[in-house]
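Structure at a glance
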Amino acid sequence: MTDETKGQDQPTGLTVLTLMGENVKRVKAIRITPPRTGLVKVAGKNGAGKSSVLDLIPYGLAGARARPALPIRRGATGGRETIVLQDQDGREAIRITLVWTGRGEYLTVEKSNGAAWLPVKSPQDFLNTIVGAGLGFDPMDVMRLRPAALVDRLLSVLALPEDPLMLDVLQAREAEARTVINRETRALAARLDAMPDVSAGTPDQEVSVAALLAERDDLQAQLEARSEGERRARGLLDTQGQAERDVARARQTVTAAEAELAKARDGLGIAERTCGKATAAANDAVRAAQAMPEPDIDDVTARITTADEVNKAVRTKQERERIVAALGTHTAEGEAISARIEQLAERKRTLLLGASFPVAGLGFEIVGGEYTATLNGVPLEQTSDSEKRRVGVGLSMALAPHVRVIIIRDASLLDADALAEIERLASAGGYQVWVEIVGDAVDGAFIIEDGAVRSAPAEKEEKR
């Protein structure tokens, strides 16, 4: 842009005020001043040049990609067109002039400041900023997109704060994780059901067989010590008996031989003292033997015998407890994943409920595992051509917020009701919809014949 136009706001709500063309394709010379909004009917017989008239709009606005290789009318040396765009108040805003000569094409764009036309620097770049994706857009083109591409186009129009497709990806990931958790949960439950029950008295830890053996060895040593004490006591008792027999013999000796009385008395004293010592020792040994514990070795032997069975039950109990704990963890994790999936679904529902779709009933749903644009819940590809066209018009309007011009090439296929609906949508949104109709007796149409305007519709008062 030039310095004079820098800093100005971009114009919006632009429609065609005047369309002029000379020697472009089938156009000889035309000048059309259409209504600011609503339908602009361009009619004529086949080959009359009505398509060429409509082509002037994308040629002038949509850039070189929209222009043909041979734009100049056959027999002419050059061609030109001019498009004047008006703002929402009907004032001249932008003037586009495109000239073709034998040497090439030349584009000029000017902006009105109210008193004069000011040239725009880099004219096509400027047009691209105001034209966007919508200008010259045939509403039926969007219906020919693949479902995924159509959904992308719809999302670009909605400009949602979150991408519902990404929410579905997150949902799918969570659902996959939940499937894994549920599979593991079912496996744990099956293992738990297959395990034998454990008796209530089963201890929490396994029995140590080595400790039981050590306990039995200790008890065995105690038994042997008691046996040794009893043997020693019996020996001393035998000594006591022998001493008592010696006393008896000594007494017999005293009785039988008085002469040896003194000797016998000495022997008696010795025997009595020996007997007393033996008796005391025997009594001490008996008391010591009786004081020693008599362990029950049968009990520890029985416990050793049952240790393997007890330990097997303990292991089963511990395994059951581990599985029950894992089962609880997996169940809780599955429930948490389900909650996250529902949260994602709710986020998507809230997102779509708050979206402002360009056409009533328009939306998108997952059909056959793929996001699909729908109209009142029906995939768009299954709707009627009239419904497709209505959706296409709505999307075209949303895609062209600045230059509000739409072209429908096959409007002859539309009935009166469909045209009336499109006109209603166009008027309500401030759009200008140019429609091509076959026939030279169409009410309210610019009739094209041999590349020129044969007749124009009667002018109607319009609020600018």
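Residues numbered from 1 in each chain as written. Predicted model: local features only at pLDDT ≥ 70, side-chain atom pairs only at ≥ 80, totals over all residues. Heavy atoms only, no water.

Thoughts on a nonpolar patch on the surface
A cluster of nonpolar side chains, namely Met166, Val169 and Leu170, defines an oily patch on the protein surface of about 220 Å² accessible area. One can find Leu170 in helix α5 (residues 164–194). (Patch = residues over 30% accessible without salt bridge, like charges linked within 9 Å, V, L, I, M, F, W, Y side chains within 5 Å. Areas by Shrake-Rupley, 256 points an atom, 1.4 Å probe, with all protein chains shown as cover. Salt bridge = Lys/Arg side-chain N within 4 Å of Asp/Glu carboxyl O. Helix = DSSP H or I, 4+ residues; strand = E, 2+ residues; numbered from the N terminus.)

Digging into the side chain of Asp87
Within the secondary structure, Asp87 is located in the loop between β4 (79–86) and β5 (92–101). With a relative accessible area of 15%, Asp87 lands in the buried category. In this structure the side chain of Asp87 is engaged in a polar contact, spanning 2.9 Å, whose partner is the backbone nitrogen of Asp89. Ignoring any residue separated from it by four or fewer positions in sequence, one finds Asp87 in contact with Gly13, Leu14, Arg36 and Ala93. (Buried < 20%, exposed > 50% of the residue type's maximum accessible area, 1.4 Å probe, protein only. Polar contact = N/O pair within 3.5 Å; in protein donor to acceptor, adjacent residues only side chain to side chain. Contact = heavy atoms within 4.5 Å.)

Remarks on the pairing of strand β13 (residues 445–449)
The buried fraction of β13 is high, at four of five residues. Alignment of strand β3 (residues 38–44) against β13, held across three bridges, turns out to be parallel. Among the inter-strand pairings, Val42 is bridged to a residue of β13, identified as Phe446. Of the pairings in the sheet, the one linking β13 to strand β14 (residues 452–455) comprises three bridges and is antiparallel in character. Its bridge partner lying in β14, Ile447 is registered against Ser455. (Pairing = 2+ DSSP bridges.)

What to know about helix α9 (residues 385–399)
Under the 1.5 Å per step criterion, the end-to-end length of α9 is 21 Å for 15 residues, consistent within 8% with the ideal 21 Å. All buried positions along α9 are accounted for by Lys388, Arg389, Val391, Gly392, Val393, Gly394, Leu395, Ser396, Met397 and Leu399. (Expected span 1.5 Å × (residues − 1).)

Remarks on the environment of Ala243
Summarising the element assignment, Ala243 is placed in helix α6 (residues 209–256). For Ala243, a relative accessible area of 8% puts it in the buried group. A sequence separation of 193 residues divides Ala243 from Lys50, and the C-alpha atoms of the two residues are 155 Å apart.

Describing the nonpolar core
Of all hydrophobic cores here, the largest spans 34 residues; its most connected members are Leu19, Leu61, Leu85, Ile94 and Trp434. If you tally residues by element for this core, the top one is helix α1 (residues 50–61), at six residues. Among the nonpolar cores identified, the runner-up in size contains 23 residues, and Leu160, Leu344, Val359 and Ala373 belong to it. (Core = buried A, V, L, I, M, F, W, Y, C linked by side-chain atoms within 4.5 Å.)

What to know about unusual backbone geometry
If a residue is not glycine, its phi is most likely negative; likewise, a peptide bond is most likely trans. Not every positive phi belongs to a glycine, and Asn376 is a case in point at roughly 55°. Assignment of secondary structure puts Asn376 in the loop between β9 (370–375) and β10 (378–379). Although it is not a glycine, Asp450 sits at a positive phi angle of roughly 55°. The exposure class assigned to Asp450 is partly exposed, which follows from its relative accessible area of 44%.

A look at the sheet that holds strand β8 (residues 362–367)
Within the open sheet, the three strands sit side by side as β8-β9-β10. Their pairing is antiparallel. Each edge of the sheet is formed by a strand with only one pairing partner; in this case those strands are β8 and β10. The sheet contact formed by β8 and β9 spans six bridges and is antiparallel. Considered in β9, the bridge of Phe364 is made with Ala373. With respect to the sheet, helix α4 (residues 147–158) is in contact with β8 and β9, its orientation differing from that of β9 by roughly 65°. (Axes fitted to C-alpha atoms, helices over the stretch in contact; angles between N-to-C directions.)

Notes on the pairing of β5
As judged from the eight bridges shared by β4 and β5, these two strands associate in the antiparallel manner. Within β5, the residue paired with Leu85 across the bridge is Ile94. What sits between β4 and β5 in their antiparallel hairpin is a turn of five residues, with Gly90 showing a positive phi close to 80°. The pairing of β5 with strand β6 (residues 104–112) spans eight bridges and is antiparallel. Residue pairing in the sheet places Ile96 in a bridge with Val109 of β6.

Quick look at the pattern of salt bridges
Evaluated as defined, the whole model comprises 24 salt bridges. One salt bridge in this structure joins Lys28 and Asp450, with 2.6 Å as the shortest N-O distance. In this pair, Lys28 sits in strand β2 (residues 27–32) while Asp450 sits in the loop between β13 and β14, placing the two residues 422 residues apart along the sequence. Put simply, Glu206 and Arg315 hold a salt bridge, and the shortest N to O gap is 3.1 Å. Residue Glu206 is found in the loop between α5 and α6, and its partner Arg315 is found in helix α8 (residues 297–353); the two are separated by 109 residues along the sequence. For Arg315, a relative accessible area of 41% puts it in the partly exposed group.

A few points about the packing of aromatic side chains
Overall, the coordinates contain one aromatic pair when judged by the stated rule. Ring geometry for Tyr59 versus Trp100: centroids 6.4 Å apart, planes at 80°, classification edge-to-face. With Tyr59 in helix α1 and Trp100 in strand β5, this pair connects stretches of sequence that are 41 residues apart. On the accessibility criterion, Tyr59 (3% relative accessible area) is buried. (Phe/Tyr/Trp six-rings, centres within 6.5 Å; stacked < 30°, edge-to-face > 60°.)

What about the side chain of Thr18?
Tracing the backbone through its elements, the reader meets Thr18 in strand β1 (residues 15–24). Beyond its immediate chain neighbours, meaning those up to four positions away, Thr18 contacts Arg31, Ile32, Thr33, Thr82, Ile83 and Val84.

What about the environment of Gly451?
Within the element layout of this structure, Gly451 appears in the loop between β13 and β14. C-alpha of Gly451 to C-alpha of Ser227: the two residues are 224 residues apart in sequence and 137 Å apart in space. Among all residues touching Gly451, those that are not within four sequence positions of it are Arg26, Val27, Lys28, Ala29, Ile30 and Ala48.

Regarding the confidence of the model for the chain
With 93% of its residues at a pLDDT of 70 or more, the chain has an overall mean of 85. Here residues 1–8 is a poorly scored stretch, pLDDT under 50, and it has twelve contacts once near neighbours within four places are set aside; other chains count. Counting interchain partners and residues more than four positions distant, the pLDDT-below-50 stretch residues 460–464 has nine contacts. (pLDDT = per-residue confidence, 0-100.)

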